[in-house]
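# Structural features, examined
Take a look at the letters that make up each chain.
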Amino acid sequence: MTGLDVRPATILIASLSGMLAVLVGLGVWIALEAREEQGRAGDKEAALLAAGAHAKNLISLDYRTVEADLRRLLETSTGAARAEYAATTDKVKSTTVGSKIVQQGVLRATGLVSLAGAKAKVLVVADVEIRWDGSKNPPEARYHRWSMDLDKVGDAWLVSKAVRVL
């Protein structure tokens, strides 16, 4: 009789242990999924902020601070975009200083198109007012729309391609 009493208790303990293992596994899986989703949300926000900052750097130039302005543009870019900006830095600097250009950009909107791993595509809308110190010409307003490809380099999102769109 004693052997019969032990067997149901052993089965009960084994069943409860199995259920506990399943619950612990499920809890770990849920925690990992939540952490991954939180990381994606953080990457989404960081990519949007990086694209917006880059757009402002593209259109905000002042002949009095042009070197710092161009440095910020290079700091927010990578790859082909950075190489293109670096190649035209001297010309942009010369034109900006020579014409006493003051461009003040305003970011209007950013929108995430895609995010996969360390790559993102963001649409950006920004406007700029351009004036020329000492000129009698009225300021000009221009409207810019870009599709930007971003790469995550270390912990930073940098623009690798910026294409103007209509």
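To keep things clear, this report deals only with the structure shown in the data block. (Residues numbered from 1 in each chain as written. Predicted model: local features only at pLDDT ≥ 70, side-chain atom pairs only at ≥ 80, totals over all residues. Heavy atoms only, no water.)

## Description of the overall build of the chain
Helix and strand counts for the chain stand at three helices and five strands. Reading the secondary structure of the chain in the N-to-C direction produces α-β-α-α-β-β-β-β. Scaling as 2.2 N^0.38, a compact globule of 166 residues should have a C-alpha radius of gyration of about 15 Å, whereas the chain reaches 28 Å, well beyond that. Each of the three principal axes of the chain carries a C-alpha extent, and together these read 110 × 25 × 25 Å. (Helix = DSSP H or I, 4+ residues; strand = E, 2+ residues; numbered from the N terminus. Rg over C-alpha atoms; globule rule 2.2 N^0.38 Å.)

## Some thoughts on the pairing of strand S3 (residues 119–132)
As defined by bridge partners, strand S2 (residues 101–116) adjoins S3 across 14 bridges and the pair is classed as antiparallel. The residue of S3 that forms the bridge with Gln104 is Glu129. Hairpin geometry of S2 and S3 is characterised by an intervening segment of two residues between the two adjacent antiparallel strands and by a positive phi of about 60° at Gly117. Looking at chain direction, S3 and strand S4 (residues 140–153) are connected through 12 bridges and run antiparallel. Counted as the bridge partner of Ala120 is Leu150 from S4. (Pairing = 2+ DSSP bridges.)

## Let's talk about unusual backbone geometry
Of note in the backbone geometry, Lys100 takes a positive phi value of approximately 50° without being a glycine. Within the fold, Lys100 resides in the loop between helix H3 (79–98) and S2.

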